[in-house]
Amino acid sequence: MISQEEFDTFVNDYNQDYILLLTRASREHYDCLITSFMVLKDLYNMIQVLFDSGNYTYSVMPYPYTFRTDLQLMKTLGFSDEEVANIFSFLEYVKKTQGMEFEACLEAGTLAMCARVK
C-alpha cells in the first residue's frame, strides 16, 4: 500500500510529464513521442486505478489524458497559438507515420512504438 503523499507525488509527476510531452510536441520534437505518451498513459491509468480504490484523494487533479480538442487546456497551460498548432500537428504526424490515429496507437501499444516510425 502506498501513502497519500506517494499518491500525490505520482499525480504531480504525471502533470509535469504531461506538460513536458506537450512542450516537446509544441516544438515539433516528435521523435519517439508516441512511446513517451504510452508510458504516460500507463502512469495515468495507475493513478486512476488507485483513486478508484477509494483509499486516496486528489490534492491536485491530474490533467486530462486526451488533448485532441482541448484548446482551452492548452491556453491554460501557457502554450501560444503557434505551439498549440504544433501540438495538434503531432496528431497528423502520427496518422501519417503510423497509419492510424493517435488514440489507436496508444491502444496498439508496442506495435506503434518509436522503432516503427517510418
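This is a predicted model, so every value here is computed, not measured.

Further remarks concern the nonpolar core. Ranked by internal contacts, the top residues of the largest apolar core, which has 32 residues, are Phe-37, Phe-67, Met-74 and Phe-90. Contributions of two or more residues to this core are made by α1 (4-26), α2 (33-52), α3 (71-76), α4 (81-98) and α5 (102-108).

So, on to α4. Helix length check: α4, at 18 residues, gives a terminal C-alpha distance of 26 Å against a target of 26 Å (1.5 Å per residue), a fit within 8%. Looking only at α4, the buried set comprises Val-84, Asn-86, Ile-87, Phe-90, Leu-91, Val-94, Thr-97 and Gln-98. Each element contacted by the buried residues of α4 is listed here: α1, α2, α3 and α5.

With that settled, consider unusual backbone geometry. Located in the positive-phi region is Glu-28, a residue other than glycine, with phi close to 60°. Here Glu-28 lies in the loop between α1 and α2. Unusually for a residue other than glycine, Cys-32 sits at a positive phi of about 60°. Of note, Cys-32 is situated in the loop between α1 and α2.

Turning to the side chain of Asn-15, a few remarks are in order. Looking at the element boundaries, Asn-15 is found in helix α1. Ignoring any residue separated from it by four or fewer positions in sequence, one finds Asn-15 in contact with Val-60, Met-61, Pro-62 and Tyr-63.

Definitions and cut-offs
Residues numbered from 1 in each chain as written. Predicted model: local features only at pLDDT ≥ 70, side-chain atom pairs only at ≥ 80, totals over all residues. Heavy atoms only, no water. Core = buried A, V, L, I, M, F, W, Y, C linked by side-chain atoms within 4.5 Å. Buried < 20%, exposed > 50% of the residue type's maximum accessible area, 1.4 Å probe, protein only. Helix = DSSP H or I, 4+ residues; strand = E, 2+ residues; numbered from the N terminus. Expected span 1.5 Å × (residues − 1). Contact = heavy atoms within 4.5 Å.

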